[in-house]
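Observations on the three-dimensional arrangement
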Amino acid sequence: MKIVVCVKHVPDTAEADVVITPDKKGIKKEGLAFGINEWDEYAVEEAILMKEKYGGEVVAITIGGKESEDTLRRCLAKGADRAIRIEDPALEGSDAYALAKVLCAVIKGMEYDIIFTGAQAGDDGFGQVGQTLAELLGIPHAALVTKVEPQDGKAKVHRELEGGLEEVLEIQLPAVLAVQTGINEPRYVSIMGIRKAKKKELKVLSLSDIGLSPDEVGEKGSLLTLEELYIPPVEKMAEILTGAPDETATKLAGILDERGLIPK
Amino acid sequence: MAEVFVLVEHRRGELRDITFEMLSGCRDLAKNLNASITAVLLGKNIDNFVEQLKSWADKILVVEDDKLENFNAEAYQRVLSHLIKERKPILTLIGHTSFGMDLAPALAAELGIPLATDCIGFELQDGRLVAIRQMYGGKVNARISFKTAPYMATIRSAAFKAEEPGLSAEVEKAPSPLTEEITTKRFLEYVEAAVGEVDITQAERIVAVGRGVGDYSDEKVRSIIEELANELGAVIACSRPIVDKGWLPKDRQVGTSGKTVKPKLYLALGISGAFQHVAGMSASETIVAVNKDPKAPIFTVADYGIVDDLFKVVPVLTEKVREAKGGS
Ligand SMILES: Cc1cc2nc3c(=O)[nH]c(=O)nc-3n(C[C@H](O)[C@H](O)[C@H](O)COP(=O)(O)OP(=O)(O)OC[C@H]3O[C@@H](n4cnc5c(N)ncnc54)[C@H](O)[C@@H]3O)c2cc1C
Ligand SMILES: Nc1ncnc2c1ncn2[C@@H]1O[C@H](COP(=O)(O)O)[C@@H](O)[C@H]1O
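These figures come from a predicted structure and were not determined experimentally.

Structural notes on the sheet that holds strand S14 (residues 235-238) of chain B
- Read across the open sheet, the six strands follow the order S13(A)-S17(B)-S16(B)-S15(B)-S13(B)-S14(B); overall the sheet is parallel. Each of the sheet's edge strands pairs with one partner strand only, and the pair in question is strand S13 (239-240) of chain A together with S14 of chain B.
- Across five bridges, strand S13 (residues 205-209) of chain B lies against strand S15 (residues 265-269) of chain B in parallel orientation. Pairing of Val209(B) across the sheet is with Leu269(B), part of S15(B).
- Running over the sheet, helix H7 (residues 245-258) of chain A touches S15, strand S16 (286-291) and strand S17 (304-307) of chain B and is turned about 165° from S17(B).
- Each of S15, S16 and S17 of chain B is contacted by helix H9 (residues 310-326) of chain B, which is oriented at about 140° to S15(B), the strand it contacts most.

What follows is the structure, encoded as structure tokens:
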């Protein structure tokens, strides 16, 4: 089975103080830890599990700067066979549609049975690139995938719906499957894996290498324009209890008691 | 007159809340776009939905077809792209739900229409539509403009309030453009979540743990949380990453893809407050959050907050709750 997996290198902002840059188009990267997008970690695992079960090849692809090679190396160390990174100054300002065009240009000449993406990227949260890519390639897709069982030329796929419900469908391959977290248990990177990864191919391509002109990507080739980023206005804020843990916990216990929330 | 299309979302014989939220949330925008609101209803045996939607839109456009019985993004995409090409709505709104996430991106790409996903608001700037959406787990808002009309957007659940406008919609039935069976994708069945031994929706008090607790399979970590829950007579629930890791069963997950809870007390420990989580707990009576990060979005939903390491706060809190119980 030929498998492609699209991965993105993203900042972990869960605990970080996010600062918007003066041009209001991005966030300050200094001090942020970057790594593989959470959803893509599951997508890569699913790709490798498929290969281990059915044989074949896994190719990891990312659009991003030099630093995103960390994420590709991680995929290679886990078991992907080769990696491709697309970088070009003209890509700055690309929206989800433009990014999908780039991925399409790289992938369309390749052989593939399944293309895995994450259901969404933790930074922009579009939830859009994989499904758009499928449309551009002219193949079916399923979003929020929680289970995949290939069966000659098709796959039985579970999709997550709201409230714990899932839907099961049959989809023709090749297809794009946008993976939801929890679909598997992503493996750890082993020392041996890291050593092996060093010998694996990591190709860097520019726009002209994949046959796209600068006008087809970036702000020009996008359908949406980012006007500005801003910190969300706070409409309501919790009453913050201050002090050392001793004090805050004591205050909180007092409040809970007062409100009758401690069972006696 | 220009039209705004709102795609009606329904599942297993019920209209979903997002439908009403979109129909009511787009009214100001439609007015500013000089557009009327058309609820686009696709499916099979959907007459009862027509009645329920009548007071919510200017028009209900109905397409009935056996092939639309269960949601199939492929079938929906074909019908919608046909309707959009034919009627040229200025704006099409779809829920940012499992259904909309599967459908909207490919539909927009097919039509070459700009799509802004997961929107929480809109503005008009010099006659052009600007969408507001969140990035970085809700820590940043973005204003995004559409380069060309028509527009398409998916709407976050609960971003708009559903308020019935008391309209009386004209109903139009359109023929289905689906001539052949859809073969690329076929619906097989629904699978319900397994029922566990604890029903968190019935709990009066909930202690909820998130990724901030670290390794919840660690005995020490678990016992710190369990002791507090015991003293409070609370049930333990969690955010999604804890379930993804297999540390707690799926029926303990709070949020859009888990359970919706309304306890008297919801104590969120190490949970950032992503909207998918908040949607499942914001109706709780008293919400308390303990989080290291003063900017965590959870503090904008909580009534009380403590900005600190939960492992420093929780043991003391357990002690103090124990004292409060003994003291009366
Ligand atoms: C379609 C879809 C459906 C989803 N459905 C759900 C759902 O139903 N429920 C759900 O919860 N999520 C859901 N999610 C995931 C959601 O988007 C978030 O990723 C998730 O809620 C984050 O969980 P968290 O807050 O535990 O983790 P994080 O966002 O990583 O936050 C961890 C928090 O812990 C804090 N912290 C770390 N260490 C400590 C410490 N020692 N003391 C105190 N605080 C600490 C950090 O500051 C941070 O705020 C869904 C996502 C998608 C795409
Ligand atoms: N720059 C990128 N390079 C490679 N894949 C990407 C990139 N951006 C998004 N993707 C893929 O598309 C998925 C959804 O991202 P998004 O639509 O941005 O939320 C991600 O999980 C990745 O699999």
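Additional details are given in the paragraphs that follow.
As for the site of ligand 2
Residue and element names in this part refer to chain A.
- Surrounding ligand 2, one finds 18 residues, the nearest of these being Cys6, Asp40, Ala121, Asp124 and Gly127.
- Taking Ile63, its main chain carries an N or O atom lying 2.9 Å from a nitrogen atom of ligand 2.
- Contacts to ligand 2 include Gly118, whose backbone N or O atom sits 2.9 Å from an oxygen atom.
- Summarising the interface, the protein chains cover 99% of the accessible area of ligand 2, which totals 480 Å² for the free molecule.

Structural notes on the confidence of the model for chain B
- Considering every residue of chain B, the mean pLDDT works out to 96; 99% of them sit at 70 or more.
- This complex was scored by the predictor with a pTM of 0.97 and an ipTM of 0.96.

Regarding the packing of helix H1 (residues 38-54) of chain A against helix H2 (residues 69-78) of chain A
Residues and elements named next belong to chain A.
- Following both chains from N to C, one finds H1 and H2 inclined at 30°, their axes separated by 10 Å at the closest point. Regarding the angle of H1 to H2, the classification is roughly parallel. In this structure, the crossing between H1 and H2 has a hand that is right-handed. In contact with Glu41, Val44 and Ile48 of H1, H2 contributes Arg74, Cys75 and Lys78.

A word on the interface of chain A and chain B
- The interface of chain A with chain B comprises 85 residues on the first partner and 90 residues on the second.
- Across the chain A/chain B interface, buried area totals approximately 7,600 Å², and carbon plus sulfur atoms make up 55% of it.
- Linking chain A to chain B there are 11 salt bridges.
- Measuring nitrogen to oxygen at the nearest pair gives 3.9 Å for the salt bridge that ties Glu160(A) to Lys250(B).
- Where chain A packs against chain B, one counts 49 residue pairs in polar contact (both at pLDDT 80 or more).
- Among the elements that make up the side of chain A that touches chain B, the one with the highest residue count is H7(A) (10 residues).

Quick notes on the packing of helix H6 (residues 219-232) of chain B against H9(B)
Residues and elements named next belong to chain B.
- Two numbers describe how H6 lies on H9: the axes approach to 9 Å, and their chain directions differ by 30°. For the element pair H6 / H9, the angle class is roughly parallel. Between H6 and H9 lies a crossing whose hand is left-handed. Contacts between H6 and H9 pair Val221, Ile224, Ile225, Glu227, Leu228, Asn230, Glu231 and Leu232 from the former with Leu310, Phe311, Val314, Pro315, Leu317, Thr318, Val321, Arg322 and Lys325 from the latter.
- Its residues placed into classes, the contact of H6 with H9 shows 11 nonpolar, two polar and four charged.

The rules behind each value
Residues numbered from 1 in each chain as written. Chains lettered and ligands numbered in written order. Predicted model: local features only at pLDDT ≥ 70, side-chain atom pairs only at ≥ 80, totals over all residues. Heavy atoms only, no water. Pairing = 2+ DSSP bridges. Helix = DSSP H or I, 4+ residues; strand = E, 2+ residues; numbered from the N terminus. Contact = heavy atoms within 4.5 Å. Axes fitted to C-alpha atoms, helices over the stretch in contact; angles between N-to-C directions. Near = heavy atom within 4 Å. Polar contact = N/O pair within 3.5 Å; in protein donor to acceptor, adjacent residues only side chain to side chain. Areas by Shrake-Rupley, 256 points an atom, 1.4 Å probe, with all protein chains shown as cover. pLDDT = per-residue confidence, 0-100. Parallel < 35°, antiparallel > 145°, perpendicular 65-115°, else oblique. Left-handed = near helix turned anticlockwise from the far one by under 90°. Buried area = accessible area lost by both parts, 1.4 Å probe. Salt bridge = Lys/Arg side-chain N within 4 Å of Asp/Glu carboxyl O. Nonpolar A, V, L, I, M, F, W, Y, C, P; charged D, E, K, R; others polar.

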